[in-house]
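Close look at the chain arrangement
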Amino acid sequence: MRYITILAAALLFGGCVSEVQPWEKATLAKDGMKEGGANPLVKKYEEHIYYSKEATKGGGSIGAGGCGCN
Amino acid sequence: MQLRKLSIIASLLVAGAHADDYVALEYLQYNENDSRVSVSAPSLEINKDFGADYTLNASFVLDSVSGASPTYYDATSGASAHAKGPSGDIRYGNVNFDEQRAAGNVTLTTRFANRDELKVGVGYSTESDFYSYEGSASYMHYLDDSHNQSISLGGSYQSNEVLIKDCSYNAACDASSGASQKMTNDGYQLQLSFSQVIDTTSVADIGVFYGSESGYLSSPYHNIVRNANTVYAELKPDARDNYGVKLGYKKALGESLFAHASYKYYSDDWGINSHTIDTKLLYEVNDDLTLGGGVRYYMQSEADFYAKAFTAEKFASSDERVSDFNALTYKAELEYKFSDDLSYNLGANLYDQSTGLQATFFTTGLKYKF
Amino acid sequence: MKKSFTLACVALASTLFANETLLLEKEKTTILSFFASWCPSCKKELPQLAKLHDGYKKRGIEIIGIDVDKKLEDAHKFQEKMKEHLPFKVLNDTSNTIVGEYKPLGMPAIFIVKNNEVCATIFGAEEHLEERLEKELQTCKEKK
């Protein structure tokens, strides 16, 4: 599992990243690119249902490089 | 079975990612097959900026949970389908319940000069036999001037009280048979994540998480059978450590189409490992209408102490939630914007577990930006 | 952070590549405000700048807004929605030539320009914009 993670990180971030300027983030700021979508409450419902019906806990995703315009 | 309170970390990390002020009203209707659990849950969320540096997010939900949950019970007692003890007629079937749950949480986001963010949240959840309190914090730090890379560290602590209404045939109880007893458990979750803007149309993230909980982790409503003749309350271990890793990727495929994909691996010392693959496509038909759909695949292995029947094992559970199964969710959603400020959303999901559990859940709501 | 470039270079680049030209008067102090329709903090900053506009005009300080939306349609729609908060001149930089010259580190971005030089910058949302601008304008005044 550890090796899959390292490989995934290398594929994700190694050699294929371009420097995106702050004024080039129009697409990244769109609702369609948001982690919870346009409606965070819906995401909360979904997570709650899976937490109630399955044994897995933890692992909510964090994403903050999308817009960076705060 | 009751819906338990979700760790606030997921809500911390979903809300507050953007600076719009809004109020949202949402409604969930959840129904399981075979007249099992049914949930109606209206909720309200308010997100408000105070200047450039502070955002307050508050959400409240009221669940009405009713229906039935399958477990073993002594059918001869007649008094209550939760009846335990020696029995000549042990059955596995739905046991009725009716429950109200109120939950809320509040999160304050503080932004600093470099626009790093600190989020602090508190939450609670109450039912007639379950109380939960949670505190959490996370810090997001930008690693570069253009805000293309960030690292986040988050943690939450949760403290819960569970009421065992009837201590008969329950190894977790100290109280005498038939009496009630208040049990507690607590735990924490930690997460470390890295997010990277790949290009003008895609972003990826990777994270690791670790959690630990201890105390009474069983359910007083789930029973087991020992020696084929006696119904007891289940007993799960009183400690659980878990860890995992999550990968996420979001990509804009042109101007109107967005793809999300994520993978999560989970493992704990109860012997449960799981994999979750979640995908979604969103399509902006025009300025007003967005359609979406997706599939989620989940699989988990069973806990070391899971079985359908027991003899003298100390830890024992027949709770399907810790059995091995896989599950598919098919999702569809739409969002319609009446104006720049007011939008309506509708979602439909079909959840299908290999245990035989099937559920549909619908969400619908309004969001108003002000 | 400081930057310097000549009025001629900016004007030439703007004329060749942008829809509209940014022309700055050398002796005048100019506040350039870069914003976009997709930037939530920009929506909060523009009303704050609009409140300061009249006072600055009396002091001979000009505010110029520069909309970096790549589609003119998006820019016009946003400016129409925000029109009561845009009492100052606004340029459309759809080719991103002007913003590419200035290279702000965040959005929204404010550059204070005097004598063809950038003497102060404010990147990202600013909690106390008026106070911060006063401080930066004072810094600019003290520079030769």
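If you're wondering where the values come from, they're calculated on a predicted model, not measured in any experiment.

Notes on the overall build of chain C
Summing up its helical and strand segments, chain C has 5 helices and 6 strands in all. Reading chain C from its N terminus to its C terminus gives the helix and strand order β-α-β-α-β-α-β-α-β-β-α. Of all 144 residues assigned to chain C, the portion counted as buried reaches 53%. Of the contacts made within chain C by residues no fewer than 6 positions apart, 69% connect residues no fewer than 24 positions apart.

Here we look at the overall build of chain A
Along its length, chain A carries 2 helices and 0 strands. As presented, chain A carries roughly 2600 Å² of accessible surface, and 60% of it is formed by carbon and sulfur atoms.

A word on the state of the cysteines
All names here are of chain C. This structure, assessed with the given rule, holds 3 disulfides over all chains. Here Cys119 connects covalently by a disulfide to Cys140, the sulfurs 1.9 Å from one another. Disulfide Cys119-Cys140: the torsion about the S-S bond is 95°, which places it as right-handed. Highlighted residues: Cys119 in strand S6 (residues 117-123) and Cys140 in helix H5 (residues 129-142), separated in sequence by 21 residues.

Brief notes about the side chain of Arg111 of chain B
Residues and elements named next belong to chain B. Relative to the helices and strands, Arg111 resides in strand S5 (residues 90-111). In this structure Arg111 comes out as buried when scored by relative accessible area, which is 3%. For Arg111, the side chain forms a polar contact with the side chain of Glu117, separated by 3.2 Å.

A few points about the interface of chain A and chain B
Contact with chain A, which involves 55 residues of that partner, is made by 96 residues of chain B. Here chain A meets chain B over a buried area of about 6600 Å², counting both sides, of which 59% is carbon and sulfur. For the pair chain A and chain B, the interface holds 3 salt bridges. Residue Glu32 of chain B is joined to Lys53 of chain A by a salt bridge in which the shortest nitrogen-to-oxygen separation is 2.5 Å. Secondary-structure elements contributing two or more residues to the side of chain A that touches chain B are helix H1 (2-13) and helix H2 (40-53) of chain A. Ranked by residue count, the leading element in the side of chain A that touches chain B is H2 of chain A, at 14 residues.

A short note on a nonpolar patch on the surface
All names here are of chain B. There is a patch of nonpolar side chains on the surface, built from Leu25, Leu44, Ile46, Phe60, Tyr124, Tyr131, Tyr133, Tyr368 and Phe370 and spanning about 830 Å² of accessible area. Within the secondary structure layout, Phe60 lies in strand S3 (residues 54-74). A residue is classified by how much of its surface remains accessible, and Phe60, at 39% relative accessible area, is partly exposed.

So, the nonpolar core
In a soluble, globular protein the nonpolar side chains are often hidden away together inside. In this structure, Leu22, Leu32, Phe34, Tyr102, Met107, Ile112 and Leu133 of chain C are the most contacted members of the largest nonpolar core, which totals 44 residues. For this core, the secondary structure elements donating two or more residues are strand S2 (29-35), helix H2 (40-58), strand S3 (61-67), strand S4 (89-92), helix H4 (97-102), strand S5 (109-114), S6 and H5 of chain C. By size, the runner-up hydrophobic cluster in this structure holds 19 residues, among which are Tyr50 of chain A together with Phe97, Leu357 and Ala359 of chain B.

Some points on the interface of chain A and chain C
Between chain A and chain C, the residue contacts involve 8 residues of the former and 15 residues of the latter. The interface formed by chain A and chain C contains 0 salt bridges. Put simply, chain A and chain C have 0 residue pairs in polar contact (both at pLDDT 80 or more) between them. In terms of residue class, the side of chain A that touches chain C is made up of 6 nonpolar, 1 polar and 1 charged.

Quick notes on H2 of chain C
Residues and elements named next belong to chain C. Along H2, the sharpest kink reaches roughly 40°, centred on Leu52. Turning to H2, its buried residues number three or more, namely Pro40, Ser41, Cys42, Glu45, Leu46, Pro47, Leu49, Ala50, Leu52, His53 and Tyr56. For H2, the elements touching its buried residues are S2, S3, helix H3 (72-81), S5 and H5. Positioned one or two residues after H2, Gly60 has a phi angle of 80°, which is positive.

As for the pairing of strand S10 (residues 202-215) of chain B
Residues and elements named next belong to chain B. The buried count for S10 comes to 10 of 14 residues, which makes it a mostly enclosed element. Sheet analysis places strand S9 (residues 181-199) next to S10, joined by 14 bridges and oriented antiparallel. Residue pairing for S10: Phe194 is matched across the bridge by Ile206.

Quick word on a negative patch on the surface
On the surface, a cluster of negative charge is made up of Asp269, Glu302, Asp304 and Asp324 of chain B. Along the chain, Glu302 of chain B turns up in the loop between strand S16 (289-300) and strand S17 (325-337).

As for the confidence of the model for chain A
When pLDDT is averaged along chain A, the result is 72; 59% of the residues meet or exceed 70. Below a pLDDT of 50 lies the segment residues 61-70 of chain A, which in the model reaches 44 contacts outside its immediate sequence neighbourhood of four places, other chains included.

Quick look at the sheet that holds strand S12 (residues 230-233) of chain B
Residues and elements named next belong to chain B. Across the sheet, which stays open at both edges, the 3 strands sit in the order S4-S12-S11 with antiparallel pairing between neighbours. Looking at which strands have only one partner, the edges of the open sheet turn out to be strand S4 (85-86) and strand S11 (223-226). Relative to S12, S11 is paired through 4 bridges, and the arrangement is antiparallel. In the sheet register, Arg226 faces S12, and the bridge partner there is Thr230.

Some thoughts on the side chain of Thr230 of chain B
In this fold, Thr230 of chain B is placed in strand S12. Sequence-distant contacts of Thr230 of chain B, defined by excluding residues within four places in its chain, comprise Gly85, Pro86, Ile90, Tyr169, Ile224 and Val225 of chain B.

What to know about the packing of H2 of chain C against H5 of chain C
All names here are of chain C. Where H2 contacts H5, the two axes come as close as 10 Å, and the packing angle between them is 50°. Judged on the interaxial angle alone, H5 and H2 are oblique. Remark: the crossing between H2 and H5 carries right-handed chirality. Residues Glu45, Gln48, Leu49, Leu52 and Tyr56 of H2 pack against Leu129, Glu130, Leu133, Glu134 and Leu137 of H5. Each residue belonging to the contact of H2 with H5 can be placed in one class, and the counts come to 6 nonpolar, 1 polar and 3 charged.

Rules used throughout
Residues numbered from 1 in each chain as written. Chains lettered and ligands numbered in written order. Predicted model: local features only at pLDDT ≥ 70, side-chain atom pairs only at ≥ 80, totals over all residues. Heavy atoms only, no water. Helix = DSSP H or I, 4+ residues; strand = E, 2+ residues; numbered from the N terminus. Buried < 20%, exposed > 50% of the residue type's maximum accessible area, 1.4 Å probe, protein only. Contact = heavy atoms within 4.5 Å. Areas by Shrake-Rupley, 256 points an atom, 1.4 Å probe, with all protein chains shown as cover. Disulfide = S-S within 2.5 Å. Polar contact = N/O pair within 3.5 Å; in protein donor to acceptor, adjacent residues only side chain to side chain. Buried area = accessible area lost by both parts, 1.4 Å probe. Salt bridge = Lys/Arg side-chain N within 4 Å of Asp/Glu carboxyl O. Patch = residues over 30% accessible without salt bridge, like charges linked within 9 Å, V, L, I, M, F, W, Y side chains within 5 Å. Core = buried A, V, L, I, M, F, W, Y, C linked by side-chain atoms within 4.5 Å. Nonpolar A, V, L, I, M, F, W, Y, C, P; charged D, E, K, R; others polar. Bend = angle between axes of the 7 residues up to and from the residue. Pairing = 2+ DSSP bridges. Lys, Arg positive; Asp, Glu negative; His and termini not counted. Charge placed at Lys NZ, Arg CZ, Asp CG, Glu CD. pLDDT = per-residue confidence, 0-100. Axes fitted to C-alpha atoms, helices over the stretch in contact; angles between N-to-C directions. Parallel < 35°, antiparallel > 145°, perpendicular 65-115°, else oblique. Left-handed = near helix turned anticlockwise from the far one by under 90°.

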